[in-house]
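# Survey of secondary and tertiary structure
Take a look at the letters that make up each chain.
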Amino acid sequence: KIYVPNVFSPNNDNINDGFEIFEIWLFETYKITVFDRWGGMVFESENFDEHWDGNYPSGDKAPAGVYTYLIEFRTINLDSKTEILTGDVIVLR
């Protein structure tokens with residue numbers, strides 16, 4: 001099982017400053033996309049070590065609120081298929 005937190009606070013206090021998916025070491029492939037409430041993409045990565053910092057791609061801070069994520073992954077298995085996990089995450093500022 002992977003753990004996807006439902007809230008984070010990007011306020012530079014070094015506690016829950018990024019939206020990070022846990023147990024991704026179980027994945028062979030991984031892609032995460034985060035969307036704002038209008039469906040605009042605010043973050044995308046296939047890098048296991050890259051986490052959303054709560055900013056838009058421009059570097060501007062995304063406002064507090066609810067964002068939707070889509071995670072596509074394949075676990076390390078011989079008969080593994082690509083799976084999709086969706087949900088919401090809250091940004092607290």
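Everything discussed here concerns the structure shown above.
Below you will find a few notes about this structure. (Residues numbered from 1 in each chain as written. Predicted model: local features only at pLDDT ≥ 70, side-chain atom pairs only at ≥ 80, totals over all residues. Heavy atoms only, no water.)

### So, the nonpolar core
Heads up, the condition is: In this description, a nonpolar core means a group of buried Ala, Val, Leu, Ile, Met, Phe, Trp, Tyr and Cys residues linked to one another through side-chain atoms lying within 4.5 Å. Burial classification: accessible surface area is computed with a 1.4 Å probe over protein chains only, and a residue below 20% of its type maximum counts as buried, one above 50% as exposed, and the rest as partly exposed. Counting from the N terminus, the helices are DSSP H or I runs at least four residues long and the strands are E runs at least two residues long.
Grouped together as the largest cluster of nonpolar side chains are 19 residues, with contacts concentrated most on Phe-19, Ile-21, Ile-32, Val-34, Trp-52, Tyr-67 and Ile-71. Every element with two or more residues in this core is listed here: strand S2 (27-35), strand S3 (41-45), strand S4 (65-75) and strand S5 (83-91).

### A few points about a nonpolar patch on the surface
Formally: Each patch is built from residues lacking any salt bridge and having more than 30% relative accessible area; the joining distance is 9 Å for like charges and 5 Å for nonpolar side chains (Val, Leu, Ile, Met, Phe, Trp, Tyr). Throughout, the Shrake-Rupley method with a 1.4 Å probe supplies accessible areas, and for residues the shown protein chains are the sole cover considered. We define a salt bridge as a side-chain nitrogen of Lys or Arg found within 4 Å of a carboxyl oxygen belonging to Asp or Glu.
A grouping of Val-7, Val-66, Ile-90 and Leu-92 is seen on the molecular surface, where their side chains present a nonpolar patch of about 300 Å² in accessible area. Structurally, Val-66 is set in strand S4. The exposure class assigned to Val-66 is partly exposed, which follows from its relative accessible area of 48%.

### What about the packing of aromatic side chains?
Threshold: Between 30 and 60 degrees the pair is tilted, below 30 it is stacked and above 60 it is edge-to-face, where a pair is any two Phe, Tyr or Trp rings, Trp via its six-membered ring, whose centres lie within 6.5 Å.
Counted under the stated rule, the structure contains 8 aromatic pairs. Judged by centre distance (5.7 Å) and plane angle (35 degrees), the rings of Tyr-3 and Phe-22 are tilted. In this pair, Tyr-3 sits in the segment before strand S1 (7-8) while Phe-22 sits in the loop between S1 and S2, placing the two residues 19 residues apart along the sequence. A residue is classified by how much of its surface remains accessible, and Phe-22, at 34% relative accessible area, is partly exposed. Each ring, one from Tyr-30 and one from Phe-48, has its centre 5.5 Å from the other, and the planes form 20 degrees; the classification is stacked. Here Phe-48 lies in the loop between S3 and S4 and Tyr-30 lies in strand S2, a separation of 18 residues in the sequence. On the accessibility criterion, Tyr-30 (6% relative accessible area) is buried. Each residue in the set Phe-8, Phe-19, Trp-52, Tyr-67 and Tyr-69 is aromatic and connected to the rest through ring pairs, giving one cluster.

### Quick look at the pattern of salt bridges
A full pass over the atoms with the stated rule returns 1 salt bridge. The residue Lys-31 makes a salt bridge to Glu-44 at a minimum N-O spacing of 3.4 Å. Separated by 13 residues along the polypeptide, Lys-31 in strand S2 and Glu-44 in strand S3 bring together distant segments of the chain. The class of Glu-44 is partly exposed, set by a relative accessible area of 39%.

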